[in-house]
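# Commentary on secondary and tertiary structure
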Amino acid sequence: MLDLTRAMTFRRQANLIDGRWVGAAGAGTISVKNPASGEEIGTVPLAGKAETDAAIAAAHRAFPGWSALLASERAAKLFALADLIRTQAEALAELLTLEQGKPLAEAKGEVLGGAAYIQWFAEEAKRVYGDVIPSPFPARRILVTREPVGVVAAITPWNFPFSMLARKLGAALAAGCTIVAKPSELTPYSGLAWGVLAEKAGIPAGVVNIVTGDASAIGATMTDSALVRKVTFTGSTRVGKLLAEASARSMKRYSMELGGNAPFIVFDDADLDASVEGAMAAKYRNSGQTCICTNRFYVQNGVYDAFAAKLAEKVKALTVGPGFAAGTMQGPLINEAAITKVEALVHDATARGGKVLVGGKLHALGGNFYEPTLITRGTQKMRIAREEVFGPVSVLFPFETEEEAVEMANATEYGLASYFFTRDLARIFRVSAELKFGMVGINTGIITTEVAPFGGTKESGVGREGSKYGLDDYLDVKYLSIGGL
C-alpha cells in the first residue's frame, strides 16, 4: 500500500488569500483525479470573480511593504524558500506524481528544478541595476532606475505544475512584485503547495495568493482588474491570444509562453548514438507532454534507416506504468481528451502513408496509457507536421539537403524550441542562424535551465523566463532628469 502521508502534508483543498486558507462561497468544488487510476484524490474550490478580486486586493495591499524591502531581504526569503523545497522534495514529488502522473523520478527532477529557479532569482534580486547616462545638458544628471511593476497575475499549466509556477513566482517576488496565481484545475495541488511553502519560508501574508476554479472567470477578472499590472501565462496559443488581447485593453504588461512544434534535425554527419539519446530526452519525457518536446524528426537520407532502427530499440525499451511503480519510465497521459487527440494524429499519419515501427495504439494498461510510438515515412501533409501532438509519438521525415531540412523545420507558425545534430562546425553556425526559433539545442536534447532564457518567437509567445532576462517583464524602467546641479 502506497504511503502518501508526506505528500498530504502539502495538499490544501482551499484557496490562499491574504494569508488565510478559504473556500469559494457557495460555488462548489472541482474534483481532482489521479490520471493513472481515474480515482478522485480530493477537491478544490470552484472559485470565480469574487475570490479572484479578493486575492488581487490582498496582493495590492501587500505590495508596498514587500517592494520596500531591501533586495537582500527579499533574496533571503527566496533562499529560505529554495532550501525548504529541497528538504521537502520527496513529499512534493509524490504529490506531483499523484495528480499529474509522471514517473516519480521525473517529478522529483521537476521539484528540484523549481528550487533552482527560486535560488537563481534570489541571487538576481540583488542585481536589478540601473544606469547613469551622460547628460547633454549642463548642470543636469540623467538616471535610469528599474522598479517592480506591481501586482502580477500568473496562470500555469498542468504538464509542469510545480516548476512553471516557480519561474513566475521567483521572478515576481525577486523584482518586488506580489502575485496571484491560478494553477490548472487538473493539477491544482502542486500549485497550492507553493502557498504552504511560502508560509513556511516566512513570506508575508498577501504577497503570494493562489486561487483555483473557473478558468474563464478567473482569467477575465485578472485581465479586467486595474490593480493587476502584469499577466504571465503558460499554455495554449489560443488562450494566450485571448489573454493578451484582454490585457491590452488596460495596457498591462504580459508575457506568454505558448505552444510549440519543435523540429529535430539529424544530419548524415551526426553521431547517431548521441542523436538517439538526444531524441529520447527531447521527445519522451513526461510522456511527450511538454511544449518543447520534439514533434517532427527530420533525418537525412544517408542515415535515415540506421537512425530509425536505433531509435526503435530505445522506444521499445520504455517501461510504461503508473508513476509510483518501480521502473516506470513513462506514465499516463493527463486525461481522456489527450488520448483522443493522440489517437487521431496517429490515425491521420498512418492514413497518409506512415509506417508504425513501434506502438501506435492504447497500452494494455488501458485508461490514459498510450504506447510509446515511432512512425516512419512522414510527409508534410500529415497533421502531425503542423499540430502539436503532446503525446509519446515520433514521426520521422526524410530529407536530402540542408536547405530542405531548414525549410521544413521553419514551416510552422510556432517558434519555441528546435534541435539539430551535426559534427560540422560551419553547419552549426549556419543552421543556428537560419532556424526561426527562440531556443536551439545543438547536439543535445535537454535545453531547459534556470540560467538561460526560456521562450519563443512567432506564435509561441513573447517574453523570457529564467536567466538575467527573466526579471525584465516584472520591472518598469524609470528615467530621472535631475536639474539645478
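In what follows, the accompanying structure is described. Keep in mind the model is a prediction, meaning the values are calculated, not measured. Counting starts from 1 at the beginning of each chain's written sequence and moves along it residue by residue. Reporting of local features is limited, given that this is a predicted model, to residues whose pLDDT is at least 70; pairs of side-chain atoms are given and counted only at 80 or more, and all residues count toward the totals for whole chains, interfaces and linings. Water and hydrogen atoms were dropped before computing side-chain values, which therefore reflect all heavy atoms in the structure.

Strand order in the open sheet made by the 7 strands is E14-E15-E16-E13-E12-E18-E19, with mixed pairing throughout. Only two strands of the sheet have a single neighbouring strand rather than two, namely strand E14 (355-358) and strand E19 (439-442). For this sheet the average axis-to-axis angle between neighbouring strands, irrespective of direction, equals 25°. In this structure, strand E18 (residues 417-421) lies alongside E19, joined through 4 bridges in parallel fashion. Across the sheet, the residue bridging to Ala417 is Met439, located in E19. Only heavy atoms enter the contact rule, under which two residues are in contact if any of them lie within 4.5 Å. Structural elements are reduced to axes, namely lines fitted to C-alpha atoms, with helices fitted over the stretch in contact, and the angle between N-to-C directions of any two is expressed from 0 to 180 degrees. Counting from the N terminus, the helices are the DSSP runs of H or I reaching at least four residues and the strands are the DSSP runs of E reaching at least two. Contacts between helix H14 (residues 425-434) and the sheet are confined to E18 and E19, with E18 contributing the most and set at about 160° to the helix. Two strands are said to pair when DSSP picks up at least two bridges between them.

Lining residues are those with an atom within 4 Å of a point, where the points come from a 1 Å grid over the protein atoms alone and group into cavities, where a 1.4 Å probe fits but cannot get out, or pockets, open sets with protein on both sides within 12 Å along at least five of seven lines. Grid points are joined across faces, edges and corners, and a volume is the space filled by probe spheres set on the points. Following the criterion strictly, the structure yields 2 cavities of 30 Å³ or more and no others. As a volume, the largest cavity reaches approximately 40 Å³. In terms of lining residues, the largest cavity is bounded by Lys168, Thr232, Phe233, Ser255, Met256, Glu257, Phe454, Val462, Gly463, Arg464 and Glu465. Residue assignment for the lining of the largest cavity shows that the elements contributing at least two residues are strand E10 (228-234) and strand E11 (253-257). For the lining of the largest cavity, the leading source of residues is E11, giving 3 residues. Think of it as three bins: nonpolar holds Ala, Val, Leu, Ile, Met, Phe, Trp, Tyr, Cys and Pro, charged holds Asp, Glu, Lys and Arg, and polar takes everything else, Gly as well. A class-by-class count of the residues in the lining of the largest cavity yields 4 nonpolar, 3 polar and 4 charged. Lining the second largest cavity are Lys283, Gly288, Thr290, Cys293, Thr294, Asn295, Glu388, Val389 and Phe390.

Within this document, salt bridges are pairs made up of a side-chain nitrogen of Lys or Arg and a carboxyl oxygen of Asp or Glu, the two lying within 4 Å of each other. This structure, assessed with the given rule, holds 23 salt bridges. Across the pair Asp476 and Arg253 runs a salt bridge, and its minimum N-O distance is 2.7 Å. With Asp476 in strand E22 (residues 475-482) and Arg253 in strand E11, this pair connects stretches of sequence that are 223 residues apart. Each residue's exposure class comes from its accessible area (1.4 Å probe, protein chains only) as a fraction of the maximum for that residue type: buried when under 20%, exposed when over 50%, partly exposed otherwise. A residue is classified by how much of its surface remains accessible, and Asp476, at 33% relative accessible area, is partly exposed. The closest approach of N and O atoms between Glu277 and Lys314, which form a salt bridge, is 2.8 Å. On the criterion of sequence distance, the pair formed by Glu277 in helix H10 (residues 272-283) and Lys314 in helix H11 (residues 304-316) is long-range, its members being 37 residues apart. Classification of Glu277 as partly exposed rests on a relative accessible area of 42%. One connected set of salt bridges, linked through shared partners, spans Asp269, Glu402, Arg427 and Arg430.

Positive phi, normally seen in glycine, also occurs at Met251, with a value near 55°. Mapping Met251 onto the fold places it in the loop between helix H9 (237-248) and E11. Judged by its relative accessible area of 66%, Met251 falls in the exposed class. The backbone of Asn443 sits at a positive phi, close to 60°, despite the residue not being glycine.

All right, on to the sheet that holds strand E6 (residues 141-148) then. The antiparallel open sheet is built from 3 strands, whose spatial order is E5-E6-E22. The strands lining the two open edges of the sheet, one partner per strand, are strand E5 (131-133) and E22. Averaged over all neighbouring strand pairs, the angle between strand axes comes to 25°, with direction disregarded. In this sheet, E22 lies alongside E6 in antiparallel orientation, the contact comprising 8 bridges. Pairing of Thr145 across the sheet is with Lys478, part of E22.

The next point concerns the layout of surface pockets. Empty space within the largest pocket amounts to approximately 1100 Å³. Along the walls of the largest pocket sit 41 residues, with Trp158, Phe233, Gly235, Ser236 and Val239 positioned nearest its centre. Secondary-structure elements contributing two or more residues to the lining of the largest pocket are helix H8 (215-224), E10, H9 and helix H12 (336-351). Per-element accounting of the lining of the largest pocket gives the leading share, 6 residues, to H9. Across the lining of the largest pocket, the residue classes tally to 21 nonpolar, 13 polar and 7 charged. Volume-wise, the second largest pocket comes out at about 380 Å³. Taken together, 23 residues make up the lining of the second largest pocket; nearest its centre are Glu110, Phe160, Ser163, Arg285 and Thr448. When contributions to the lining of the second largest pocket are tallied by element, the ones reaching two or more residues are helix H5 (104-124) and helix H6 (163-175). Looking at the lining of the second largest pocket, the element that brings in the most residues is H5, giving 7 residues. Each residue belonging to the lining of the second largest pocket can be placed in one class, and the counts come to 9 nonpolar, 8 polar and 6 charged.

This part covers the packing of helix H4 (residues 89-100) against helix H7 (residues 188-200). Axis separation between H4 and H7 bottoms out at 8 Å; the angle between their running directions is 155°. With respect to H7, the element H4 is oriented roughly antiparallel. Residues Leu92, Leu95, Leu96 and Glu99 of H4 form the contact with H7, whose participating residues are Pro188, Tyr189, Ser190, Ala193 and Leu197. Looking at the contact of H4 with H7 residue by residue, the classes come out as 7 nonpolar, 1 polar and 1 charged. If an angle is under 35 degrees, it is roughly parallel; if it is over 145, roughly antiparallel; if it lies from 65 to 115, roughly perpendicular; otherwise it is oblique.

It is worth spelling out the nonpolar core at this point. We define a nonpolar core as any set of buried Ala, Val, Leu, Ile, Met, Phe, Trp, Tyr and Cys residues linked to one another through side-chain atoms lying within 4.5 Å. Grouped together as the largest cluster of nonpolar side chains are 61 residues, with contacts concentrated most on Leu81, Ile85, Leu173 and Trp194. Discounting residues that sit within four places of it in the chain, Leu81 has contacts with Ile118, Leu169, Trp194, Leu197, Ala198, Ala201 and Ile203.

Here the focus is the environment of Ile133. By secondary structure assignment, the location of Ile133 is in strand E5. Residue Ile133 is classed as partly exposed on the basis of its relative accessible area, which comes to 38%. Considering only alpha carbons, one finds Ile133 and Leu143, 10 residues apart in sequence, at a separation of 6.2 Å. Apart from residues no more than four positions distant in its own chain, Ile133 is found in contact with Ile142 and Val144.

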